[in-house]
Amino acid sequence: KKKVNQMNKIIVLGNGYIGKQVYKHLVDTITDSDIKLLNSYQYNSPESLRKTLFNNLETEFKTSSPDHVSQKWLINCVGYTGKPNVDACEEDKQNCWDLNVTFPTLLANECAKYNIKIINISSGCIYDDIDKSSVPFTEEDEPNFGVENGNSSWYSKTKHAAELCLAAYLNVYTLRIRMPVCSDFNSSKNYLTKLLKYNNLLQEVNSKTIIEDLTSVVGKIIYRQDIPTGIYNCVNPDPLDTKEVTKILDEYGMWNPNWKFIDYEGLKEHIKTNRSNCILSTEKSKEVGIEFPTERESLNRILSPKNEE
């Protein structure tokens, strides 16, 4: 594993699965750095965050950082996705907006004052392949499932709005992820957990993000320090359709005998708000050296018994 030779001050925000995994990866792979996970805040209370977190962040970066710190980093893994899914965002729009738009924008503004770079874990669920062209969406494509689409979910609107706000800041990396996948089947947000839980599965090809690969990319951005800020699609290339993923699960002894594959019209009978279905381009990420393994490669890697601790 590569080691960082210079001092970094790194703070990870978030008390969910992604925040904890990003923190663990950085601690395991980056030396000569001061790394801290701030996960004791009430991240479901935006008002509490405003009153406590920002002052404490300033203190952390001012008092805990040695004079020879080469770079200060803040990794924001806080977000509002709704429980059990994005349907819940429709009933709690204010909190969803506060955590997905207001909070990261205020973070970017505060951190810009102190020369702190932000890696903001966001979402690629701001596109929809309406025409079924299967042409991957690039970072330069205008979102068609966001603030200007009356049929998009409130969650997707907030993620698009956040990108519009954060575009004004030169210290921000926005990492778009989709349908997070991990080997922890106790995680309710894990795409594989959802597949095994639900009987009716949408048969589509969608970009997904293996969280283990995402944590490596976060580490690489910090290690390299020469990757330009901006928006990056952080998904695994060569995405599989749902049936192909279930076949891989079957190879590892996981199966739901009640599975029924349905199209999007069938899915609408079970959801309150529309969902994004799309494939994201990984060319920009590849060009800067933060390319992910293919989806099939990573699924086999994380599901292999050799990967279990």
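Residues numbered from 1 in each chain as written. Predicted model: local features only at pLDDT ≥ 70, side-chain atom pairs only at ≥ 80, totals over all residues. Heavy atoms only, no water.

Draft legend 1. Structural detail: the sheet that holds strand β3 (residues 71–76). With respect to topology, six strands assemble into an open sheet ordered β2-β1-β3-β4-β5-β9, the strand pairing being parallel. The sheet is open, and its two edges are formed by β2 (33–38) and β9 (230–233), each paired on a single side. Sheet twist, expressed as the average angle between the axes of neighbouring strands with direction ignored, equals 15 degrees. The pairing of strand β5 (residues 172–177) with β9 spans four bridges and is parallel. (Pairing = 2+ DSSP bridges. Helix = DSSP H or I, 4+ residues; strand = E, 2+ residues; numbered from the N terminus. Axes fitted to C-alpha atoms, helices over the stretch in contact; angles between N-to-C directions.)

Draft legend 2. Broad picture of empty space enclosed by the protein. Counted according to the given criterion, the structure contains two cavities of 30 Å³ or more. Roughly 80 Å³ of volume is contained in the largest cavity. What lines the largest cavity is simply Phe 54, Leu 57, Glu 58, Phe 61, Leu 107, Glu 110, Cys 111, Tyr 114 and Ile 116. Residues belonging to the lining of the largest cavity are distributed by class as follows: seven nonpolar, no polar and two charged. (1 Å grid on protein atoms, 1.4 Å probe; cavity = no way out; pocket = protein on both sides within 12 Å on 5 of 7 lines; lining within 4 Å. Points joined across faces, edges and corners; volume = space filled by probe spheres on them. Nonpolar A, V, L, I, M, F, W, Y, C, P; charged D, E, K, R; others polar.)

Draft legend 3. Layout of the pattern of salt bridges. For the structure shown, the criterion picks out 13 salt bridges. The partner of Lys 132 in a salt bridge is Glu 204, and the shortest N-O contact between them spans 3.0 Å. Taken as a pair, Lys 132 in the loop between β4 (116–123) and α4 (154–166) and Glu 204 in the loop between β7 (200–202) and β8 (209–210) lie far apart in primary sequence, 72 residues in all. Close ionic contact of Glu 163 with Arg 176 constitutes a salt bridge, the shortest N to O distance being 2.7 Å. On the criterion of sequence distance, the pair formed by Glu 163 in helix α4 and Arg 176 in strand β5 is long-range, its members being 13 residues apart. The exposure class of Glu 163 is buried, given its relative accessible area of 8%. By relative accessible area, Arg 176 is classed as buried at 1%. Through salt bridges with shared partners, a single network forms among Glu 212, Asp 213 and Arg 301. (Salt bridge = Lys/Arg side-chain N within 4 Å of Asp/Glu carboxyl O. Buried < 20%, exposed > 50% of the residue type's maximum accessible area, 1.4 Å probe, protein only.)

Draft legend 4. Layout of the pairing of β3. Most of β3 sits inside the fold, with five of its six residues counted as buried. Across six bridges, the pairing between strand β1 (residues 8–13) and β3 is parallel. Residue pairing for β3: Ile 10 is matched across the bridge by Trp 73. Where β3 meets β4, five bridges bridge the pair, whose relative direction is parallel. Looking at β4, one finds that Trp 73 is bridged to Lys 117.

Draft legend 5. Focus on the packing of aromatic side chains. Within the structure shown, the criterion is met by four aromatic pairs. Summarising the aromatic geometry, the rings of Trp 97 and Trp 154 are spaced 5.7 Å apart at their centres and angled 40 degrees between planes, so their arrangement reads as tilted. In this pair, Trp 97 sits in helix α3 (residues 93–113) while Trp 154 sits in helix α4, placing the two residues 57 residues apart along the sequence. A relative accessible area of 30% means that Trp 97 is categorised as partly exposed. Taking the centre distance of 4.7 Å and the plane angle of 75 degrees together, the rings of Trp 255 and Trp 259 count as edge-to-face. Of note, Lys 243 hangs over the ring of Phe 261, and the distance from its end group to the ring centre comes to 5.4 Å. Above the face of the Tyr 232 ring, Lys 284 is positioned so that its terminal group lies 4.6 Å from the ring centre. (Phe/Tyr/Trp six-rings, centres within 6.5 Å; stacked < 30°, edge-to-face > 60°. Lys NZ or Arg CZ within 6 Å of the ring centre and 35° of its normal.)

Draft legend 6. Up close: the nonpolar core. In terms of nonpolar packing, the biggest core is built from 29 residues, with Leu 26, Ile 75, Ile 119 and Leu 175 touching the most fellow members. Contributing elements (two or more residues each) for this core: β1, α1 (17–29), β2, β3, β4, β5 and α6 (211–224). Residue contributions to this core peak at six residues, all from α6. Contact partners of Leu 26, with chain neighbours within four places excluded, come to Ile 10, Val 12, Ile 35, Ile 75, Val 218, Gly 219 and Ile 222. Counting residues in hydrophobic clusters, the runner-up holds 27 residues, among them Leu 13, Cys 96, Trp 154 and Val 172. (Core = buried A, V, L, I, M, F, W, Y, C linked by side-chain atoms within 4.5 Å. Contact = heavy atoms within 4.5 Å.)

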